Structure formats: C-alpha cells, structure tokens
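If you want the building blocks of each chain, they are given just below.
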Amino acid sequence: MKIASARFILAGLLPALLCGCGQPVRDEPGPVRIGLVSSPDGARYFEVSGLDAGHPGGKASWGGTFRVYTVFDKRSAGEELPAIAGSYVFQDGVLRFRPRFPLEPGLAYSARFYYSPGRVKEARFEIPGEDLVRGTSVTEVYPSADVLPENLLKFYIHFSSPMSVGQAYDNTRLLNSKGETVRYPFLELDEELWDPSGRRLTIFIDPGRIKQGVLPNKVVGPVFKVGERYTLEISDEWQDAAGARLGAPFRKSFKVSAADHRSPDPAAWKLAAPAGGSREPLSLTFAAPLDHALLHRLLWVENEAGERVEGEVRVEAGERRWSLLPDTRWSPGRYRLMIRSILEDLAGNGIDKPFEVDVFEQVRERVDSKTLSREFTVSPRQR
Amino acid sequence: MKVKPLVSMALSVMLLLGLNPAAAADLTAGMKTVKLELKSAGPVAFGPEGILFVADPLAATVHAVATGDTAAAKKKKVVSLEGVDRKIAAALGTSPDKIRISDLAVNPASGVAYLSVARGSGVAAPAVIVTVRGDHLESLDLSGLKSASFALSSVPDAKATTGRGRRRESARTQAITDLGYVNGRVLVAGMSNEEFSSSLRSIPFPFAGSGKPASVEIYHGAHGRFETRSPVRTFVSLNVAGQPYLVAAYQCTPLVTIPLSDIKPGARLKGKTVAELGNRNRPLDMIVYTKDGKEYMLIANSSRGIMKVSTVDLEKSPGITERVSGGGRKGVPYETIEGWKGILQLDRADDHNALVMRETEGGSFNLETLPLP
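Residues numbered from 1 in each chain as written. Chains lettered and ligands numbered in written order. Predicted model: local features only at pLDDT ≥ 70, side-chain atom pairs only at ≥ 80, totals over all residues.

Q: Please explain the overall build of chain A as it appears in this structure.
A: The helix and strand tally for chain A stands at 3 helices and 23 strands. Across the 383 residues in chain A, those meeting the buried criterion constitute 38%. For chain A, the proportion of contacts with a sequence separation of at least 24, taken over those separated by at least 6, is 64%. (Helix = DSSP H or I, 4+ residues; strand = E, 2+ residues; numbered from the N terminus. Buried ≥ 20, exposed ≤ 12 C-beta atoms within 10 Å, placed from the backbone. Contact = placed C-beta atoms within 7 Å.)

Q: What exactly am I supposed to notice about the overall build of chain B here?
A: Counting secondary structure elements, chain B contains 5 helices and 26 strands. Within the span of chain B, comprising 373 residues, buried residues form 54% of the whole. A separation of at least 24 residues holds for 55% of the contacts in chain B among residues at least 6 apart in sequence.

Q: Which parts of the structure should I look at to understand the pairing of strand β18 (residues 282–285) of chain A?
A: The side chains of a regular strand alternate, first on one face of the sheet and then on the other. Residue and element names in this part refer to chain A. Only one face of β18 is buried, namely the one carrying L282 and L284, since none of S283 and T285 on the opposite face is buried. As judged from the 3 bridges shared by strand β17 (residues 270–272) and β18, these two strands associate in the antiparallel manner. Residue K270 lies in a different strand from β18, and its bridge partner there is T285. Here β18 pairs with strand β21 (residues 321–326) via 4 bridges, running antiparallel. Looking at β21, one finds that L282 is bridged to L324. (Pairing = 2+ DSSP bridges.)

Q: Even after reading the chapter, I still don't get helix α3 (residues 84–91) of chain B, so can you show me in this structure?
A: Residue and element names in this part refer to chain B. Counting buried residues in α3 gives 7 out of 8 residues, a clear majority hidden from the surface. Taken as a whole, α3 has its buried residues at V84, D85, K87, I88, A89, A90 and A91. Phi turns positive, to about 70 degrees, at G93, one or two residues after α3.

Q: Looking at this structure, how should I read the sheet that holds β21 of chain A?
A: As a general point, the strands of a sheet are linked pairwise by backbone hydrogen bonds and lie either parallel or antiparallel. Residue and element names in this part refer to chain A. If you trace the 4 strands from one edge of the open sheet to the other, you get β17-β18-β21-β20, paired in antiparallel fashion. The open sheet has two edge strands, β17 and β20 (311–316), and neither has a second partner. Put simply, the sheet's adjacent strands are angled 15 degrees from each other on average, direction ignored. (Axes fitted to C-alpha atoms, helices over the stretch in contact; angles between N-to-C directions.)

Q: Mind showing me how you'd approach the environment of S202 of chain B here?
A: All names here are of chain B. On the secondary structure map, S202 appears in strand β12 (residues 199–204). S202 sits in the buried class, given 21 other C-beta atoms within 10 Å. As a C-alpha pair, S202 and K75 span 127 residues in sequence and 35 Å in three-dimensional space.

Q: Help me out: how do you make sense of the pairing of strand β22 (residues 333–340) of chain A in this one?
A: Of the pairings in the sheet, the one linking strand β19 (residues 299–303) of chain A to β22 of chain A comprises 5 bridges and is antiparallel in character. Looking at β22 of chain A, one finds that E302 of chain A is bridged to R336 of chain A.

Q: Honestly, the confidence of the model for chain B in this entry has me stumped. Any pointers?
A: Fine structural detail should not be taken from predicted coordinates in areas where pLDDT scores are low. Residue and element names in this part refer to chain B. Residues with a pLDDT of 70 or more make up 80% of chain B, whose mean pLDDT is 81. Predicted confidence for residues 3–24 stays below pLDDT 50, and this span has 20 contacts to residues more than four positions away or in other chains. This complex was scored by the predictor with a pTM of 0.87 and an ipTM of 0.85. (pLDDT = per-residue confidence, 0-100.)

Q: I'm lost on the environment of D69 of chain B in this one. Help?
A: Residues and elements named next belong to chain B. With respect to the element layout, D69 can be found in the loop between β4 (61–66) and α3. Each C-alpha atom, one on D69 and one on G50, is 5.4 Å from the other, the two residues being 19 residues apart in sequence. Not counting residues within four places of it along the chain, the set of residues in contact with D69 comprises G50, N107, A109, S110 and V112.

Q: Looking at this structure, I do not really get the sheet that holds strand β12 (residues 172–175) of chain A. What am I missing?
A: All names here are of chain A. The 4 strands lie next to each other as β10-β16-β15-β12, forming an open sheet whose pairing is mixed. The open sheet terminates on both sides in strands that have one partner only, identified here as β10 (147–149) and β12. The mean angle between the axes of side-by-side strands here comes to 35 degrees, regardless of whether they run parallel or antiparallel. Pairing analysis gives 6 bridges linking strand β15 (residues 229–234) to strand β16 (residues 250–257), with the strands arranged antiparallel. Counterpart to R229 in the pairing with β16 is K255.

Here it is in structure tokens:
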C-alpha cells in the first residue's frame, strides 16, 4: 500500500479563507493521522489511524466523526457543500472511508476528523490532473455521398473514441455556400442520440422544415435549397468522454439535389448472386443511397432452412451498395434476402411508407412494419 | 410524466366498489432485493407506495424501486436548494461540469425530490439517484432496496440483431423521453437513434406482458398531415369528459389527447391534436393540478416559457383538422406564466406547489418550490 502525499494545512492560520461554515476551523493537535491510500485494485480510500483503543469503534454512523469534502475552490473550506458519498469500515483501530466514485484528477479533497464539535483535524489531498491528449477525431459522417437530397433526414457522425454527452448542438453547424450559418437546422433533442459505445451520434434535420406546406418550412424555409452547396462543420471544441478536445475540426461539404419522396423498391435492386462453393460476396446495388445504419441492421440473408448466413456486411459506394462476405463458402441452393420494411432512404422514406403521407391529397395503403424477402439462387460453380 | 391524480381516483373507485385497496395495493410484494446497478438514468416518476420508476435507456429497461419512503410526513419539508448541480457534484466527488441531471420526480408521500443524474461525461457514465429532502441532499444507495426490472423488448429488428458474433452488436438505442405510472400501468415514450419513429409502451405493473410498443399515429397540426413517427417528448394523464386520457406533447409541440384504453400492445392509435404550441420550441415537462376546483395543465417549454391550459378547454376542443397557418398557435387557449423563467424540470410538489429546476443567469441550477399559478 502506498500512502499518497498529503498536504496538511494549518487551518488556524487561514481561518477566514478556510471557513465556509462561520466557525473557525482549527487543525487540532492530536494523535489522529489521515492518509489517502491506494488498494491493490487501484481504488483509493481515506484512512484514519491513531485512533486510541478507547475510541468508539463500531459506531453506527461514522459520518458524524469523519467526512470528506470535494474542494472546488482552494480557498474555501468545502464544508458548505455536501460531504462525498461513500462507505466506512472500522477495523483494528483504523477507519477507512471509500468514496462511492473514484477521485477526480485535478480536484482537491478535504478530509476532516472531528474530535468533537469545533475540534477538527483536516488533511487536504490534491489529485494530480491528467494530461489530456487530443487524439479523438471524426472518422466518418454518413450519408457519405457528396450529393444529398433536399429532404435529407439525418446525419450519423462517427468518432474514434467515446465522446462527452451534452455538447452536440453547440459544436455542430451547418454552413451555406457563403459560409453563413443555417439557423435551427437540427431537431435538438435533450436526449442526444448516441449509440451504446458513445462513438456514433445521430442528428436529425428538423422534420418541421422538411415537410411540405408546413409552417416552419413556409416561414423560415427548408434547411436546404436545391443546387446549393453546404458544409456540415464539427468544432474541435467538442470534448471526448475523457474531456480532451477533438484533434481537429471536421467538415463535410455536399451539394443538394431535388427532394426524394419515393419509397425504396427492393424489387428494383440489382442483386449479384455469388457462385456456389465460393466465398464471393453477395452484392446488392440500389438506385439511390439508403440509410447507413439501417443497412447494417435491417438486411440479412437466410438459407432455405431459415438459418441466417453469417458473414461480414459492407456498405459502400455512397451507401448504394450492400454486400455480404460469408464466413463459409456458399452452398448451392435457394436463399432469401430478408428486408425489414422500416429500412429507410436518406430522406426517411421507408419501404412500408414514404416520410410524408399527405391525407389531404391521398391516403396510401399502409404496410405494417414487417419483413419482406427476395429469393435468389446460388448455382453450382461452372467448371 | 408527472401526474398521479388518477391513482387516488382509482383508489376511490376501489373503495366505492367495496374493494380493499390495502390488499390490492401491495405492489412491492413481488420485488426482490438485488444489487441494482443502473447503466443509465433517464426520466423518473413515482407510482404508489413510494415506488420510483427509473428509465434506463442504455439497458433498454425500466426499473421499479421500492424506496421505502412511504411514511407520510406530517410536515413536509419544502424543497429548496441553490446550486443543486454544484452540490450534487460535490456529493459525488466531482466537478459540476461532469454531472448531468436528467429528470426529477417528487414522492407525493414524503415530498422528497428524487433526481436522476449521470456522474461523468460519456454515455457510459455511472448513473445515480440523488434525493433532496428540504435542503439536504443525499445519494440513494439502491443496493439495499427492493426492485423489479422490465426489459423493453420488441425492438423492431429483434430478428435482425439476434445472432452470434461481434459484428452484429446493435448500435441501435432507444432513447426514453418520458415515463409515468397511470392506473396500474407504466407508460414509456421513446424514439430510436436510427429509424425516425415514435413508440409508446404500456406495461402492466407489477411488471408483466410483452411491453410491445403501441405506435401512435397523430394528427400533427403544424404539419397539416398525418404524422406517424414524430417522437413524444413528455406526457401526462388526466380525465377528459370522464374518461382517462393521455395528453402528449410532441417534439415539435402539438398537444395531443389519446384515450388511455386505446394504448394496447401492437395498436396503431390516432390521437386528437388539441393545440399547436408554436414552432422552434420544445416542450420539456408537464404537470396537471387542481386550483379553486378547476383543473389545469402546466407545460414547460424551451423557448415559449410556461404555459397554463385549462383542461376543460381540452374537453371542448374539436381538435385541429386543418393546417395551422399564421402565428403557429392554434387550438386550446393558453396563458403564459410570467416570472417562471428558465424552468427545465417540473413536478407537482403537493396540491398547492410545484417543484422546479431553474437555470440561473450564471448557468447554475436551483431547485425551487413555487406556488401553483
């Protein structure tokens, strides 16, 4: 066990600065020693030794005798804030306090032992700050194509490391071709839409500005204008989960094409079946790009027995091509490409329904969310 | 979700029918003392018997925690705490920029406020429930409490993501935008980080059933079209013409009523848009209360302040069936409550007061108890 260096403060010398509670704190002489100790598992805890044998060990609540405070302002006592949460163990005359959460690099902690009300022994511990390395970067932004429809619904921003939550809309801007910021382009959600790893963020374009004939669209206009160029700009002020800023800003520039109001049509996809006995990819080519994330999730292949063909899915060519590289060789036979009908294109048009259903003009027949399939045959390899 | 009048109403009905609420109300009986660890903590809401419902979006789970905080305090302490973010950070041993407060709920029995908090910056930051009694703040130790958990199954791609190997670990998450306990059911509103969808789940409590979401199709006044997939931001329950209804505020602010009885697994519902609260505005939170014998709803908004709506007007509303044009406000009338600025969170503290979390000009947060307007 290693005892960290403790900076004992003679609180009596600095009563005005140290006291946030209205009573002078005095670093009382006494047998008690306070240390910060690392256990073999790396957890740190505060230890009070020198308690005399007669000390009432096994006290129901040690919170009245020994408390640790977070110190934000080095001149303050810290005591005006709540003591930090943790658990106490008293054993062999030594009291140990283990904070509920790891101590924070760069912060100071005030550990206080109360001999009696007004008789306090204080020790302060500064946890050295960590050098933050600015190594996290934006790795991809989807859609990856450089021409996107006017009614584009969302961006996926991929990062190389987990990111901080709560900074997305401050650090993401959309600029027009003159370099002016487009106002309120995104649906700003309190719950930022991260994947479980914290490395992919989904940003929706405000649907009120996509829909035709709606107020925001009429008043402020759509986010995008056909034929214009735009840049999605990600600021390097954005911090990763460790608190380090991004290594560099990121820009994705693209041109806007006409709005797309059509649902993707699986029957029109070009399917290139692999040869039996090979490990060639099965590949699909779409007429227009589809949603990157959904392509990974909502398309798969099953054999005649209904077993899924395991393999690696690749989405390429600006999300116009999907391919499956099987883990094992294709056995000749019949297969089914399985497609969930909620698969969307870049404008949120699902296979089951387009993004906009206008009841004033037409009521489309609805297809409930379901799985569609398309059959294909893997033929024995021609010799 | 922030309303419990239906709970007391349900109890009254049971008494009228000669049922013994004590026998029927032992909702914690099936719960177990497990070491409950939250992966994340989103919206929170109270049910009866001191049961706190906690949404855990990262685990795609709703937890019910028997807080044991059931003894009705003779004199409830008024919750008031300046710099609550700073104080929570101190209690968790970190700095205020490293905590995020997701939601708050007041236990109607004790008047104690419960806040869901993330301690850390990233998605995987540990989640904590913090209690505030008067001005005394404490972090809640869940390990000694009885709880029950319900996994929100039926993600739309269950078949597609079930399988072997690392490659198919789904990147899909279901953000939970609100939850609430209404008449023996836990209602959960959510949206996906992939497909643009809205789901509303109705789960019987004590937990049972599939939790299959009901997809809610609403008439969206601002858009002048059917909109099936807009996400629900926040909701409350109340009685409209004697029938229990859910009043849901959507991300782009239409206010919609949906009969509670319609929310069934797999159902496709059509709500009635009763108000259009204006664009470039996000509803944040809602509560329902009674004052001078009349029932009202308060809606906290991101840019249009606090709105007060008479629920009688909701009953009378014929619904919006045409495109809203002009100022972007249509449907039931509302009053904007001056002086309630910077409100981020809202719950009913008791019959006469609301508990709010307010952002100060300096950027810190205060908990304040305010008389209901």
